[in-house]
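An overview of the molecular structure
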Amino acid sequence: MSAVVCNSAKELTVTTITSSELPSSSTVSTINYRLPQIEQLLQHPDLADYVRLLSRPVVTNTLRDLFTSIRQHPDFKTQGVNDIDVMELVFNSCRQLYRRRQQRVINATGIAVHTNLGRSPINEQIWDNVKAVNTGYNNLELKLSDGKRGDRNGLLSTLIHSWIGAEDCVVVNNNAASVYLVLHALAAGKEVIVSRGEQVQIGGGFRIPDILALSGCKLVEVGTTNITTSDDYINAITENTAMVLMVHQSNFSMQGFTESPDIQDVAQRLPEHVSLVIDQGSGLSSEQYAQSEVSLPRYLQMGADLVCFSGDKIIGGPQAGIIAGCQTLCQQLAKNPMMRTFRPGRIVLSMLEQLLVQKLNRNPAAFGVAQQALDRAKDSQSLAQQWAQRWKSYVQAVPLVMQVGGGAIPSETYPCYGLKLTLPGKAQLHLDALRDLPIPIIGYVNSNQLLLNVATLLESDHAAFIAQLDNYIQSYIHTEAK
């Protein structure tokens, strides 16, 4: 029996399935049980982009899995492909696979440091300045002065000293690794004192008590959920105590009847064998938009031996964990065997170097995406009103708020403006459709209203944002008119 599956672009020859897959029926001769040949599909012009974007082997395996699924489906065994649009299934499978790939999106969520959207975008100037270092060989572990093995930190310790006053630093691949390394290297087998109000859990199930257990430390809980005093810490110290760990409540805040200890008082009263370590998290240094938060320099001035923080939140750099403070402790961390597990590569290190140089020179390129978004928030009303006028009855300019996000400064919100789409239909359906655009626009739904926050749009995204929203609204209007 011969049969073909046709597509509007060209006719495709087909492959025959085995007779054991055919139903015993007198209607078999009228049913098409053949699927396109994968090799010919791979040469189809409409699949060329997916082969380029995903690779030929990946597309091949995707089509094989799809055809296996089709053959196993009951409808295929009784009806063949007569009522199946095979080419549509092929394109949908490739498209869904491509959507899993890392790609550019437009942030209209109102959260500047959005964990799901890659946290802080790297400034183009910073990126360009480290291109040559990373596309050729570099002196990652070579001292150019004498040709001997060098320190991977390069200039970072010097830069961080000038930035926040720390004696030394250690850089790892994220802040969770910072906390683990500090606990494992400085307190394994010993007691670590943590307030009950600071035994937090962050995204992905990272819990402070679990990390202490994995690092070989014994957790000593002090205080209550809402109140912990200096005396609570001091009275819990024994000869086996190695550390007091204070953890920033990065993704929540407590209000009302609460009390926190005087950190300087705790530092001054700690015996010499006990270190004071602060998991500060955000990397806030000299920024002025979070007056309620304690900065890195201030923690060190109050007597913290070490502070741990992220390189990709407030700072605006690549994902990294930075441990800064006492030189003796930093050297002890650097010699720990686990350091090789956590150390970052040259891309991260060179980017942090370049970022801190620009930050010390007060170059706006190094201000971080949160500061940039807050600066844009001042102009967001006029921008939102201008764009709302462009689309008139389908879009309104509305007052909104933005947050820093990324597990930093959880209690602060900042006024800004955005757009409310008033297209007919459910807001969630439009939200899903915008996420399906060539450059996905990521907004949010609140009270059944689709909102797009203008403050968190990068200036480089304005053109794509306008063009895509223009097309979407016009397409929707045209469809509704039919």
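Only a predicted model underlies this, so the values are computations on that prediction, with no experimental measurement involved. For every chain, the first residue of the written sequence is number 1, and numbering continues from 1 onward in sequence order. Confidence filtering applies because this is a predicted model: local features only for residues at pLDDT of at least 70, side-chain atom pairs given and counted only at 80 or more, and all residues used for totals across whole chains, interfaces and linings. Computation of side-chain values covers all heavy atoms of the structure but excludes hydrogens and water.

1. Let's talk about the packing of helix 3 (residues 56-72) against helix 5 (residues 86-98)
- Axis angles are defined between N-to-C directions and span 0 to 180 degrees, where every axis is a line fitted to C-alpha atoms and, for a helix, only to the segment in contact. Every helix listed is a DSSP run of H or I at least four residues long, and every strand listed is a run of E at least two residues long, numbered separately from the N terminus. Helix 5 packs onto helix 3 with a crossing angle of 130° between their chain directions and a minimal axis gap of 10 Å. On the basis of their axis angle, the class for helix 3 and helix 5 is oblique. Judged by the sense of rotation from one axis to the other, the crossing of helix 3 with helix 5 is right-handed. Mapping the contact onto sequence places Val58, Val59, Thr62, Leu63, Leu66, Phe67 and Ile70 in helix 3 and Val86, Leu89, Val90, Ser93, Cys94 and Leu97 in helix 5. Roughly parallel means an angle under 35 degrees; roughly antiparallel, over 145; roughly perpendicular, 65 to 115; everything else is oblique. Note on convention: near helix rotated counterclockwise from far helix by under a right angle means a left-handed crossing. Clockwise means right-handed. Contacts are assigned to residue pairs with any non-hydrogen atoms lying within 4.5 Å of each other.

2. Focus on the pairing of strand 13 (residues 306-310)
- Each residue is assigned to one of three classes by its accessible area relative to the maximum for its type, calculated with a 1.4 Å probe on protein chains only: buried under 20%, partly exposed between the two thresholds, exposed over 50%. Across the five residues of strand 13, five count as buried, placing the element largely inside the fold.
- Neither face of strand 13 is open: one carries Leu306, Cys308 and Ser310, the other Val307 and Phe309, and all of them are buried.
- Two strands form a pair only when DSSP identifies at least two bridges running between them. Looking at chain direction, strand 12 (residues 275-281) and strand 13 are connected through four bridges and run parallel. Looking at strand 13, one finds that isoleucine 278 is bridged to valine 307.

3. Remarks on the UniProt feature "domain: L-seryl-tRNA selenium transferase N-terminal" (unreviewed entry) in the protein
- UniProt positions are given in the numbering used here, feature names are shortened, and annotations may be inferred rather than shown by experiment. Under the feature "domain: L-seryl-tRNA selenium transferase N-terminal" (unreviewed entry), the UniProt entry names residues 34-66.
- Helix makes up 70% of residues 34-66 and strand 9%. Its end C-alpha atoms lie 14 Å apart.

4. Some thoughts on unusual backbone geometry
- Non-glycine residue arginine 362 carries a positive phi angle of around 60°.
- Examined against the element boundaries, arginine 362 turns out to sit in the loop between helix 16 (346-360) and helix 17 (369-377).
- Despite not being glycine, serine 447 shows a phi value in the positive range, around 55°.
- Since its relative accessible area comes to 60%, serine 447 is described here as exposed.

5. Regarding the nonpolar core
- Grouped together as the largest cluster of nonpolar side chains are 44 residues, with contacts concentrated most on Ile160, Ile164, Val307 and Phe309.
- In terms of residues, this core owes the most to one element, helix 16, which gives six residues.
- With residues near it in sequence (within four places) discarded, phenylalanine 309 still touches Trp163, Ile164, Asn175, Gln280, Gly281, Gly283, Leu296, Ile315, Ala320, Gly321, Ile322 and Ala324.
- We define the nonpolar core as a collection of buried residues of types Ala, Val, Leu, Ile, Met, Phe, Trp, Tyr and Cys that are connected through side-chain atoms lying within 4.5 Å of one another. Membership of the second largest hydrophobic core comes to 32 residues, among which are Ala177, Leu181, Leu306 and Leu329.

6. Considering the UniProt feature "modified residue: N6-(pyridoxal phosphate)lysine" (unreviewed entry) in the protein
- UniProt's entry tags Lys313 with the feature "modified residue: N6-(pyridoxal phosphate)lysine" (unreviewed entry), counted in the numbering of this structure.
- Considering the arrangement of structural elements, one finds lysine 313 in the loop between strand 13 and strand 14 (321-325).
- A relative accessible area of 7% places lysine 313 in the buried class.
- Residues in contact with lysine 313, not counting those within four places in the same chain, are Val113, Arg119, Ser120, Gly281, Ser282, Gly406, Gly407 and Ala408.

7. A word on the packing of helix 9 (residues 175-187) against helix 14 (residues 327-334)
- Packing of helix 9 against helix 14 leaves a shortest axis separation of 9 Å and a crossing angle of 95°. Between helix 9 and helix 14, the angle is such that the two are roughly perpendicular. Between helix 9 and helix 14, the residues in contact are Leu181, Val182, Ala185 and Leu186 and Leu329, Gln332 and Leu333, respectively.
- Put simply, Ala, Val, Leu, Ile, Met, Phe, Trp, Tyr, Cys and Pro go in the nonpolar bin, Asp, Glu, Lys and Arg in the charged bin, and everything else, Gly too, in the polar bin. Tallied by class, the residues present in the contact of helix 9 with helix 14 amount to six nonpolar, one polar and no charged.

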